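A structural walkthrough
Chain by chain, the residues:
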Amino acid sequence: MTLRNRILLFFVTGLLLLTGCASQPLPSVSQPEVPPDLSTQPPPPEEGKVIPFTLAVYPRESFHPALSKNRTNLLLSSLLYQPLYRLDGSFEPQPVLASGAAVSEDKLTWTIFLKNAAFSDGTPLTGKIAADALNTARGENSRYAARLAGIAGVTPGEGSVTITLSSPNGNLPALLDVPIALGDGERPLGTGPYILQELDEILSLHAAEGAKVPAQDIPLHAIAQTDDLIAAFDSGDVTLVETDLMGTNTPAYSGNYEVWDYPSLGLVYLGLNTREGRPCVSDGLRRGLAKSIDRESIADTVFAGHAVPTALPLHPNSPRWSKEVNDAWSYQPEALSGELVLLVNSENSTKAAAAQHIADQLRAVGLGVEVRRLPWESYMEALENGDFDLYLAETILTADFDLRAILGTDGALNYGGWSSLITDQLLAELNASLGEPEVVYSHLMDQAVFIPICFKNGSVLTQWGRVSGLDPVREDPFYQMENWIIN
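All values reported here derive from a predicted model rather than from experimental measurement. (Residues numbered from 1 in each chain as written. Predicted model: local features only at pLDDT ≥ 70, side-chain atom pairs only at ≥ 80, totals over all residues. Heavy atoms only, no water.)

With that settled, consider the pattern of salt bridges. Going through the model one piece at a time under the given rule, you end up with 18 salt bridges. For Arg86, the salt bridge goes to Asp476, with nearest N and O atoms at 2.8 Å. Pair noted here: Arg86 is in strand 3 (residues 85-87) and Asp476 is in the loop between strand 20 (467-468) and strand 21 (485-486), with a separation of 390 residues, a long-range link. For the pair Arg86 and Asp476, a shared accessibility class is recorded, and that class is buried. Lys351 is paired through a salt bridge with Glu394; the nearest N and O atoms lie 2.7 Å apart. Of this pair, Lys351 sits in helix 9 (residues 349-364) while Glu394 sits in strand 18 (residues 390-396), and the two are 43 residues apart along the sequence. Accessibility expressed as a relative area gives 11% for Lys351, which makes it buried. Through salt bridges with shared partners, one network takes in Arg143, Arg147, Asp177, Arg474 and Glu475. (Salt bridge = Lys/Arg side-chain N within 4 Å of Asp/Glu carboxyl O. Helix = DSSP H or I, 4+ residues; strand = E, 2+ residues; numbered from the N terminus. Buried < 20%, exposed > 50% of the residue type's maximum accessible area, 1.4 Å probe, protein only.)

To continue, consider the sheet that holds strand 11 (residues 202-207). Taken in spatial order, the four strands make up an open sheet running 1-12-11-10, and their pairing is mixed. The sheet is open, and its two borders are formed by strand 1 (55-57) and strand 10 (194-199), each paired with just one other strand. Shown here is a sheet whose adjacent strand axes are inclined to one another by a mean of 35 degrees, direction ignored. Sheet topology places strand 11 next to strand 12 (residues 217-222); three bridges connect them, and they run antiparallel. Bridge pairing links Leu205 to Ile218 in strand 12. (Pairing = 2+ DSSP bridges. Axes fitted to C-alpha atoms, helices over the stretch in contact; angles between N-to-C directions.)

What follows is about the sheet that holds strand 6 (residues 109-114). Read across the open sheet, the four strands follow the order 5-6-8-7; overall the sheet is antiparallel. The two strands at the open ends of the sheet, each matched to only one other strand, are strand 5 (98-103) and strand 7 (151-157). Here the average twist between neighbouring strands, direction ignored, is 20 degrees. Bridge analysis of strand 5 against strand 6 gives five bridges, and the strand direction is antiparallel.

As a further point, take helix 4 (residues 127-137). What helix 4 keeps buried is the set Gly127, Ile129, Ala130, Ala131, Ala133, Leu134 and Ala137. On the buried face of helix 4, the contacting elements are strand 6, strand 7, strand 8 (160-165) and strand 9 (179-180). (Contact = heavy atoms within 4.5 Å.)

Take the nonpolar core next. Core analysis: the biggest nonpolar cluster contains 86 residues, and Leu289, Phe303, Leu367, Leu390 and Tyr391 have the highest contact counts within it. Tallying contributions element by element places strand 14 (residues 257-272) first for this core, with eight residues. The residues contacting Tyr391, other than those within four sequence positions of it, are Tyr269, Leu270, Gly271, Leu272, Leu342, Leu343, Tyr379, Leu383, Leu413 and Tyr415. Counting 29 residues, the second largest nonpolar core, distinct from the first, contains Leu114, Ala137, Tyr144 and Leu175. (Core = buried A, V, L, I, M, F, W, Y, C linked by side-chain atoms within 4.5 Å.)

Next up on the list: the packing of helix 12 (residues 421-431) against helix 13 (residues 437-447). Between two packed helices, what matters for the description is the angle formed by their axes and the separation of those axes. In contact at an axis separation of 10 Å, helix 12 and helix 13 are set at 150 degrees when each is read in the N-to-C sense. Handedness of the helix 12/helix 13 crossing: left-handed. Residue-level contacts link Ile422, Thr423, Leu426, Leu427 and Leu430 of helix 12 to Pro437, Val440, Tyr441, His443 and Leu444 of helix 13. Among the residues forming the contact of helix 12 with helix 13, the class breakdown is eight nonpolar, two polar and no charged. (Left-handed = near helix turned anticlockwise from the far one by under 90°. Nonpolar A, V, L, I, M, F, W, Y, C, P; charged D, E, K, R; others polar.)

Glancing now at the packing of aromatic side chains. All chains considered together, the criterion is met by eleven aromatic pairs. Look at Phe233 and Tyr257: their rings are 5.9 Å apart centre to centre, the planes differ by 55 degrees, and that puts the pair in the tilted class. A residue pair is termed long-range when its members are at least 10 positions apart, and Phe233 in helix 5 (residues 226-235) and Tyr257 in strand 14 qualify at 24 residues. Both residues of the pair, Phe233 and Tyr257, belong to the buried class. One aromatic cluster is present, formed by Tyr269, Phe388, Tyr391, Tyr415 and Phe450 through successive ring pairs. Over the ring of Trp329 we find Lys291; its NZ or CZ atom is 4.9 Å from the centre of that ring. (Phe/Tyr/Trp six-rings, centres within 6.5 Å; stacked < 30°, edge-to-face > 60°. Lys NZ or Arg CZ within 6 Å of the ring centre and 35° of its normal.)

A few words now on helix 9. Its 16 residues place the ends of helix 9 23 Å apart at the C-alpha level, agreeing with the 22 Å of an ideal helix rising 1.5 Å per residue. The set of residues buried in helix 9 consists of Thr350, Lys351, Ala352, Ala354, Ala355, Ile358, Ala359, Gln361 and Leu362. In this structure Asn348 caps helix 9, since a side-chain oxygen of it lies 3.1 Å from the backbone nitrogen of Thr350. Taken from the residues just after helix 9, Gly366 is the one with a positive phi, measuring 110 degrees. (Expected span 1.5 Å × (residues − 1). Polar contact = N/O pair within 3.5 Å; in protein donor to acceptor, adjacent residues only side chain to side chain.)

A few words on the confidence of the model for the chain. Looking at the chain as a whole, its pLDDT mean stands at 90, while 90% of the residues score no less than 70. Throughout residues 1-43 the model reports pLDDT below 50, and contacts reaching past four residues in sequence, or to other chains, amount to 71 contacts. (pLDDT = per-residue confidence, 0-100.)

On to a negative patch on the surface, then. Together, Glu347, Glu377, Glu381 and Glu384 line one region of the surface with negative charge. Take Glu347: it is sitting in the loop between strand 16 (339-345) and helix 9. Among the residues examined, Glu347 registers a relative accessible area of 38% and is labelled partly exposed. (Patch = residues over 30% accessible without salt bridge, like charges linked within 9 Å, V, L, I, M, F, W, Y side chains within 5 Å. Areas by Shrake-Rupley, 256 points an atom, 1.4 Å probe, with all protein chains shown as cover. Lys, Arg positive; Asp, Glu negative; His and termini not counted. Charge placed at Lys NZ, Arg CZ, Asp CG, Glu CD.)

Where helix 7 (residues 295-302) contacts helix 9, the two axes come as close as 11 Å, and the packing angle between them is 145 degrees. The chirality of how helix 7 crosses helix 9 is right-handed. In contact with Ser297, Ile298 and Val302 of helix 7, helix 9 contributes Thr350, Ala353, Ala354, His357, Ile358 and Gln361. When grouped by side-chain class, the residues that make up the contact of helix 7 with helix 9 number five nonpolar, four polar and no charged.

A few words now on the pairing of strand 16. Burial within strand 16 is extensive, with six of its seven residues counted as buried. Bridging between strand 16 and strand 17 (residues 368-374) involves seven bridges; their strand directions are parallel. Paired with Glu339 across the two strands is Gly368, which belongs to strand 17. For the segment spanning strand 16, helix 9 and strand 17, crossover handedness is right-handed. Here strand 16 pairs with strand 18 via two bridges, running parallel. Bridging from a neighbouring strand, Leu343 pairs with Tyr391 of strand 18. (Right-handed = clockwise from strand over helix to strand, strands pointing away.)

Next comes the structure, spelled out in structure tokens:
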């Protein structure tokens, strides 16, 4: 990491404290930037006292990996539960509880075969248990409901589970990084490397028999509100937390800590109003806009290196990402003319700064740009009414990089009014793995009906020098935990 980026990271961290807001794949780990100032570190422990690796917990909140709304407890999910598949750093599904899969020719029916596994009480994993867990995960109260909305039915088999889809999907396993829990209670059993234990109303994690983990026991520090979590991490009572450093209302952690970034599916993009009577109905203007944005400077400066720039709506870590197509639509500014209105949600300081950065870049090529910073409700109202030319937004894509919600004729996020039978057909073929990815993405870039800016990174923070060897991935900050060294 360059000295400039090091300085920027510390600047943004300080800014978060003040505001309360918070080609080649990039490395997933971001190490500390400068040696710690020993004068600001917590006092050393008493001689002979051992400070264990400790995580936070809300004892009165649910632990269910699909139904809980508590982010702190959900951080523990990958320690307690295992999914059918887990996504690696390239967003490729790797089997965990699944031993393999078979798919019909039309890509509408998938049969997932299960490994021999058992829950912490010895109950064997069966097709019925897996089917029940998936049906719970696609229910309306689940945090996975939107991701699994394309599933029409799930039925158990002998050592397998069969999933029927409402539309073809050639990469369904990428959506099945859903933790499998036994039942729908607040503390269901799992097959993960740790077991949740309670003694005298004190919770802790204990390693399951045979688990390859760096600590046999992990104490859980009880908290009741966000301020408790901040105080516990700042004091060193909690060793690790997960956060979005560029998010809205991000907890303002302080002290000396290390930052371990991982690639996420949070796509920041510029939406365009393509309706009749609006400037962006012109495909020439849209293409000019796409090439007039310096994405690298936005990722490096505004997002302080906690983002990966891309002109394609694919993460650069994905094996389907094309450097050739990406470079063809990267920063190549050309003279443009016109007056545009750019909307942004004022409640996220990073996005507001990114919108201003984009406006400055577009003004440099001759465009007049009015940035309207609106609170969330007013921002959404303006989008729904089509009262804009451009808008800056973020959405969490699914790991199959399905873009139909943004670009499909009836897409829930298609605020720009784009409608094209060709686009709809190409997106459907791409999702079914029937089309050539480069052909589809070349078409999307040539139409330029929305402009990808970057994918944000997620971040794991650990107390300085307490743990090494982290390699977090999306949905699993403890990925390959067996390689960790806890000091």
